[in-house]
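Listed below are the residues making up each chain.
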Amino acid sequence: MLEEALNEINRGCAEIIDNERIEKLLTTYFDEGKTYTVKAGFDPTAPDLHLGHTVLLQKLATFQKYGARVQFLIGDFTAAIGDPTGKSATRKVLSKDEIQSNIKSYTTQAFKILDKDKTDIVYNKDWLDSLGTVGLIELSSTLTVARMLERDDFSKRYSANTPIAVSEFLYPLLQGYDSVHLKSDVEIGGTDQKFNLLMGRQLQKVYETKKQQAVLMMPILEGLDGVQKMSKSLNNYIGVTDEANDMFGKILSISDELMWRYFELLSTKSITDIDLLKSGVEDGSIHPKKVKEDLALEITARYHSEEEAQNAKAEFEKVHAKSQIPTDIDEFSCDGEVWIAKALVDCNIEPSTSQARRDIKQGAVKINQEKIQDMQLQLKAGEYVLQVGKRKFAKLRVN
RNA sequence: GGUGAGAUAGUCAAGUGGCCAACGACGGCAGACUGUAAAUCUGCUCCCUAUGGGUUCAGAGGUUCGACUCCUCUUCUCACCA
């Protein structure tokens, strides 16, 4: 039992610091039924979860299975500073209401994966607000600038002459202080969080919490492009609230190479099963597309239902293999004759009439499955199915 | 506080008075080929019913027939010195 638990927890991890601590925690849980705490921090600025986040959540769920209480930390205080990613030096400040509604949708999504009864939602504003200037200075005196600059993205930005705000130094410190306050036993996060996660250990030592948290890092899930991490701002994500059709389609559009990565981090299939598939593809006995479809089915079913996943698959076949028109497409209507370019913009499948013209010129625009060339075309009364490229559809009724 | 350098489209980055809606790279979109994969090839990539017009090169003024390019001020960044 203990061994099984340890294997499950180790599965897919990028790095574990202080694995002995985890072993001890699990041992006492199995021997004495004593629970322990696992902390994970979440940023309330992005209310929509995508599959990248679920890598962490699934790991937390595993911990819950083996006696952990999850400290689901909402970084409502630290969000105001912004984690130094270098991308968004200035963050827009969210209003209380925005944060509240973000958190709400965040947690409802998270509880699709996590056990609600074994989760404590905590807000770091609750203790960081009262830290005060003195506390903050005390906190910041525990670390040197040189040490701070060891953090990879700081040193990169520093040598690349991109600005670093002093406030950004505070982010890791405050995140670490969260661990001091919560007396966390384990903290998990992405590999990109390594510095911040270790800060928790460091500060727990300085503040003499007696015990230092174990740190478990999950790899960052690549987005659809297979290169950059999955994120909403890069628009390469699969959201857990995505429609079944979208979800299925997006998974099928990833590269074969990336598919294995998704298997490793998102599938519930065992490692041996995955290896079997892999060798099957290598010796040509299994078509890679079939394997990818199975992955897409599994994931789509998890966030929707088996039935919806099957429907999505059928729909996909229909649209792409047989190049028919999808079942559900957005409908629009307008009065009088419409110029085709304008119509495409109005139906939200082209950003501007200039772009629409270019696409028409290139033969990317179809009306009722027929390619069109005439960019002066006027649509008379009737119903049309407009299409741009392979995946943008709209139905337009001209009155 | 002082001195110097810099700010150009989604990103990086050329352009130092007209040939500039602005080289190039990446990204993105589309076409061909496919398995809506990868790789490859091709075209496009500010807006506008367009062989034309409009608005752009941090912001505000100015010089000039004409400014991304020159001058002044402002904002922001970086480096060195303190």
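Residues numbered from 1 in each chain as written. Chains lettered and ligands numbered in written order. Predicted model: local features only at pLDDT ≥ 70, side-chain atom pairs only at ≥ 80, totals over all residues. Heavy atoms only, no water.

Some remarks on the state of the cysteines
Working definition: the covalent bond between the sulfur atoms of two cysteines is a disulfide. What counts here: We call a pair of cysteine sulfur atoms a disulfide whenever their separation is within 2.5 Å.
Counted according to the given criterion, the structure contains zero disulfides. Cysteine C334 remains unbridged, with the sulfur of C347 as its closest cysteine sulfur at 7.4 Å.

Brief notes about the packing of aromatic side chains
Our working rule: Pairing of aromatic side chains requires ring centres within 6.5 Å, counting the rings of Phe and Tyr and the six-membered ring of Trp. Pairs whose planes differ by under 30 degrees are stacked, by over 60 edge-to-face, and all others tilted. The secondary structure listing takes helices from DSSP runs of H or I that are at least 4 residues long and strands from runs of E that are at least 2 residues long, numbered from the N terminus. Throughout this description, buried means an accessible area under 20% of the type-specific maximum (1.4 Å probe, protein chains only), exposed means over 50%, and partly exposed covers the range between. By the criterion adopted, a ring carries a charge over it if an Arg CZ or a Lys NZ lies within 6 Å of its centre and within 35 degrees of its normal.
Applying the stated criterion to the full structure yields ten aromatic pairs. Between the aromatic rings of Y177 and Y207, the centroid separation amounts to 5.6 Å while the plane-to-plane angle is 70 degrees, which identifies the pairing as edge-to-face. On the criterion of sequence distance, the pair formed by Y177 in helix α9 (residues 166-182) and Y207 in the loop between α10 (194-206) and β6 (214-218) is long-range, its members being 30 residues apart. A relative accessible area of 15% places Y177 in the buried class. Its end group placed over the ring of F154, R151 keeps NZ or CZ at 5.2 Å from the ring centre.

Some details on the side chain of T107
How we decide: Only heavy atoms matter for contacts: two residues are in contact if any of them lie within 4.5 Å across the pair.
As for its placement among the helices and strands, T107 is situated in helix α4 (residues 96-110). The class for T107 is buried, based on a relative accessible area of 9%. Contact partners of T107, with chain neighbours within four places excluded, come to F72 and I121.

A few points about the protein's contact with RNA strand B
Stated precisely, the cut-off is as follows: The near set for a molecule or strand comprises every residue that places at least one heavy atom within 4 Å of it. Pairs of N or O atoms are called polar contacts if they sit within 3.5 Å, as long as, within protein, a hydrogen donor faces a hydrogen acceptor (for residues adjacent in sequence, only side-chain-to-side-chain pairs). Residues are grouped as follows: Ala, Val, Leu, Ile, Met, Phe, Trp, Tyr, Cys and Pro are nonpolar; Asp, Glu, Lys and Arg are charged; all remaining types, including Gly, are polar.
In the vicinity of RNA strand B, 29 residues are found, and the nearest of them are S255, D256, F316, R357 and R358. Sugar and phosphate atoms constitute 47% of the interface atoms of RNA strand B, taking the interface as everything within 4 Å of the protein. D256 is positioned such that a nitrogen or oxygen atom in its side chain is 2.7 Å from a base nitrogen of RNA strand B. Within the side chain of R357, a nitrogen or oxygen atom sits 3.0 Å from a base nitrogen of RNA strand B. Within the residue set of the surface near RNA strand B, elements represented by two or more residues are α14 (288-303), α15 (306-321) and α17 (353-361). With four residues, the top contributor of residues to the surface near RNA strand B is α17. Grouping the amino acids of the surface near RNA strand B by side-chain chemistry returns seven nonpolar, 14 polar and eight charged.

A word on the sheet that holds strand β5 (residues 186-190)
Condition: Note on pairing: two strands pair once DSSP finds at least 2 bridges between them. Axis definition: a line fitted to C-alpha atoms, limited for helices to the stretch in contact. Angles are taken between N-to-C directions and run from 0 to 180 degrees.
Read from one edge of the open sheet, six strands run β1-β6-β5-β2-β3-β4, paired in mixed fashion. Of all strands in the sheet, those bounded by a partner on one side alone are β1 (15-17) and β4 (119-123). Ignoring strand direction, the axes of neighbouring strands in this sheet form an average angle of 20 degrees. When β5 meets β6, the two strands line up parallel, connected through five bridges. If you follow G189 over to β6, its bridge partner there is M217.

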